[in-house]
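Report on the structure
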Amino acid sequence: MSTSQRIFEGRFGRLVLADGSAAGEEHTYPQPLILLKVDGAECGVTVGGERHTLNRDDVLLVNPQLPVRHEGSAAGGGSRLIEFHPSLEWLRQVFPAVFGDASETFSREIGRAHV
């Protein structure tokens with residue numbers, strides 16, 4: 001999706017600090033994806049054919065198997081993202097009320113929360 005700068009893996013899944021400045025290839029993932037923009041210019045992300053603009057106030061929740069493509073920064077400046085690929089087993093243990101029924105999805109196809 002974007003260029004990885006650092007990757008942390010553990011029981012929780014995978015946490016990636018990524019450079020989101022340039023457009024990337026489309027990917028699908030077997031687990032949910034949580035995207036946060038942490039630094040730099042606003043950047044675009046297309047999920048399931050729907051384009052979203054991420055700024056520091058947004059969290060984008062993406063269900064498994066939806067195609068995700070990073071569109072890069074509109075202003076051409078640098079942009080850094082946190083991509084969290086949580087383990088489904090970890091989600092079931094930590095959030096049983098949401099994922100306890102073997103659910104692998106968020107309640108809507110795409111969730112957007114302003115923090």
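The structure contained in this document is the topic of the report that follows. (Residues numbered from 1 in each chain as written. Predicted model: local features only at pLDDT ≥ 70, side-chain atom pairs only at ≥ 80, totals over all residues. Heavy atoms only, no water.)

**What about the nonpolar core?**
Rule in force here: By convention a nonpolar core is built from buried Ala, Val, Leu, Ile, Met, Phe, Trp, Tyr and Cys residues, the set being connected through side-chain atoms within 4.5 Å. Classification of residues uses two cut-offs on accessible area relative to the type maximum, computed with a 1.4 Å probe and protein chains only: under 20% is buried, over 50% is exposed, and between them is partly exposed. Numbering of helices and strands starts at the N terminus; helices are DSSP runs of H or I of at least 4 residues and strands are runs of E of at least 2.
Tyr29, Leu33, Leu35, Cys43, Val45, Val47, Leu54, Leu60, Val62, Leu66, Val68 and Leu81 form the largest nonpolar core, which has 12 residues in total. Sorting the residues of this core by element identifies strand E3 (33–40), strand E4 (43–47) and strand E6 (58–62) as the ones contributing at least two each. It is E4 that provides the largest number of residues to this core, a total of three residues. Core analysis: the next-biggest nonpolar cluster, separate from the first, contains seven residues, Val59, Phe84, Leu88 and Phe99 among them.

**Thoughts on the pairing of E3**
How we decide: Note: two strands are recorded as paired if DSSP finds a minimum of 2 bridges between them.
By the bridge criterion, four bridges tie E3 to E6 in an arrangement that is antiparallel. Each residue of the ladder has a partner; that of Leu33, found in E6, is Val62. As paired elements, E3 and strand E8 (residues 79–86) share six bridges and run antiparallel to each other. If you follow Ile34 over to E8, its bridge partner there is Phe84.

**Thoughts on the packing of aromatic side chains**
As a reminder of what qualifies: Within 6.5 Å between ring centres, the rings of Phe, Tyr and Trp (the latter by its six-membered ring) count as paired, and their orientation is classed by plane angle as stacked under 30 degrees, edge-to-face over 60, tilted in between.
Inspection of every chain in the model, using the stated rule, returns three aromatic pairs. Geometrically, the ring pair formed by Phe12 and Phe84 is tilted, given 6.3 Å between the ring centres and 45 degrees between the ring planes. Pair noted here: Phe12 is in the loop between strand E1 (3–10) and strand E2 (13–19) and Phe84 is in strand E8, with a separation of 72 residues, a long-range link. Overall, Phe12 belongs to the partly exposed group, its relative accessible area being 27%. Note on Phe84: relative accessible area 15%, which makes it buried. Ring geometry for Trp90 against Phe95: centres 6.1 Å apart, planes inclined by 85 degrees, an arrangement best described as edge-to-face. The partly exposed category is assigned to Phe95, whose relative accessible area is 39%. Members of the aromatic cluster, joined through ring pairs, are Phe12, Phe84, Trp90 and Phe95.

**A few points about the environment of Gly100**
In this structure, Gly100 sits in the loop between helix H2 (96–99) and strand E9 (110–114). The partly exposed category is assigned to Gly100, whose relative accessible area is 41%. Sequence spacing of Gly100 and Leu88 is 12 residues, and the spatial spacing of their C-alpha atoms is 9.9 Å.

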